[in-house]
Amino acid sequence: MDEERKKHLKRLYFKTLAITLAVCVALMGLGYGAFLYMVGGLNRSDIDENNLSANASMDERVINIALYGVDSRNHDYQGRSDAIMVASINGKTGKIKLISIARDTYVSVPGYYDTKINHAYAYGGPELAIQTLNQNFGLDVTDYVTVNFDSLAEVIDEMGGVTVDVTEEERYQVNAYLLRGDPLKETGMVNLTGPQAVSYSRIRKIDSDSMRASRQREVLAALFEKALAVNPLEYPSYVRKFAPMVETSLSNDEILKIAKVGLKSPKLEQAAFPNDHIYSTGQTINGGWYYVYDLEQAADMLQQYIYEDIPFEQYGLTEEEAGAEGKQE
């Protein structure tokens, strides 16, 4: 009886194990199927990685992606990139670093000449734009995400707007260039509609291109905070809704890898070039105005910031100096 009972328990064990595995496989299949449904509307674009001049990655756990905002009135992804950023996602630390590069930055565009960095996208699309980033800033970028500013307005509206700190001077500029929707009537911490937020992101006449980039990061950071507050059960509907508004070269596997970091309540950090910690000048060259700064130093600063977690303000400091500065903060 004992032997027969052991055989029965053994059969029951393997039967239970087989059913459990089958259920797990089925759930995984359903989960991946739901994911494919969510990202099915993405505008996909293939780029030749052999043409990107990507440097060797210093850490496989870090994913660097180029982010572009184009201002095409045709609702496509053509033209100059008015917003240029690098999103650095660290799978180990869970940090997402958003680094903007002023569109007037003076760089060498491969196959062309020295000009503004935002011209690269117009000359050769995302492939040339990424190659320009990699060659001038020593990066390892092989993928990109592009959003048209009109689409960004829709995304912001769907999320219920974004809250930013607006001055009276900025309010006037927002309304002066507002393409649609209600004018902005308040200042201070204001919840902007999509069109108002995009108009706010475009402001540059009252100060500089650096401040324009700062406003763009401010809007994206506010949108990031809104996304973190969304109920995870609502993610599928949002992703499905926003997917057609984006063009990207990211594969499904790469998106899943990034999503794993995004689901861990990541910390967002922001930085920019030029900044107060690298000498830069505004120069008129051949009739055009540019930001000019040492790109080799910028590349070194950027790599230390991304891979060694050294903030720009601590670049070049000894450990003792950096520690003292950290205490002051």
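Preceding this paragraph is the structure being described.
Residues numbered from 1 in each chain as written. Predicted model: local features only at pLDDT ≥ 70, side-chain atom pairs only at ≥ 80, totals over all residues. Heavy atoms only, no water.

## Observations regarding the overall build of the protein chain
Link 1 in the chain: In terms of helices and strands, the protein chain carries 10 helices and 13 strands.
Link 2 in the chain: Considering only contacts in the protein chain between residues 6 or more positions apart, those separated by 24 or more positions represent 68%.
Link 3 in the chain: Put simply, the protein chain shows about 17700 Å² of open surface, and 53% of that area lies on carbon and sulfur atoms. (Helix = DSSP H or I, 4+ residues; strand = E, 2+ residues; numbered from the N terminus. Contact = heavy atoms within 4.5 Å. Areas by Shrake-Rupley, 256 points an atom, 1.4 Å probe, with all protein chains shown as cover.)

## Considering unusual backbone geometry
Link 1 in the chain: Following Phe273, the chain continues into Pro274 via a peptide bond in cis, with omega recorded as -5°.
Link 2 in the chain: For Pro274, the location among the structural elements is in the loop between β11 (267-273) and β12 (280-285).
Link 3 in the chain: Positive phi values are uncommon outside glycine, yet Ser53 reaches one of about 55°.
Link 4 in the chain: Along the chain, Ser53 falls in the loop between β1 (43-44) and β2 (62-70).

## Quick notes on the packing of helix α3 (residues 149-158) against helix α5 (residues 194-202)
Any two packed helices are characterised by the angle at which their axes cross and by the distance between the axes.
Link 1 in the chain: Running from N to C, α3 and α5 cross one another at 130°; their axes reach a closest spacing of 7 Å. In terms of their interaxial angle, α3 and α5 are classed as oblique. For the pair α3 and α5, the crossing hand works out as right-handed. Residues Phe149, Leu152, Ala153, Ile156 and Asp157 of α3 touch α5, and the partners they reach there are Gly194, Pro195, Ala197, Val198 and Arg202. (Axes fitted to C-alpha atoms, helices over the stretch in contact; angles between N-to-C directions. Parallel < 35°, antiparallel > 145°, perpendicular 65-115°, else oblique. Left-handed = near helix turned anticlockwise from the far one by under 90°.)

## What about the sheet that holds β11?
Link 1 in the chain: As summarised here, the arrangement of the 7 strands in space is β1-β10-β7-β2-β3-β4-β11, forming an open sheet in which the pairing is mixed. Since the sheet does not close on itself, it has two edges, and those belong to β1 and β11, each with one partner.
Link 2 in the chain: Direction of pairing for strand β4 (residues 95-101) relative to β11: parallel, over a ladder of 7 bridges. When the bridges of β11 are listed, Ile101 appears paired with Phe273.
Link 3 in the chain: Contacts from helix α2 (residues 119-137) reach β2, β3 (81-90), β4, β7 (143-148), β10 (246-248) and β11 within the one sheet, and its direction differs from that of β2 by about 140°. (Pairing = 2+ DSSP bridges.)

## Details of the nonpolar core
Link 1 in the chain: The biggest cluster of nonpolar side chains holds 37 residues, and the ones touching the most others in it are Tyr68, Leu133, Phe137, Phe273 and Tyr293.
Link 2 in the chain: Among the elements of the structure, β2, β3, β4, α2, β11, β13 (288-293) and α9 (295-307) are those that each provide at least two residues to this core.
Link 3 in the chain: Those residues in contact with Leu133, other than ones at most four positions away along the chain, are Ala66, Tyr68, Val86, Ile101, Ile117, Gly138 and Leu139.
Link 4 in the chain: Within the second largest apolar cluster, 25 residues are counted, among which are Leu152, Val155, Val162 and Val166. (Core = buried A, V, L, I, M, F, W, Y, C linked by side-chain atoms within 4.5 Å. Buried < 20%, exposed > 50% of the residue type's maximum accessible area, 1.4 Å probe, protein only.)

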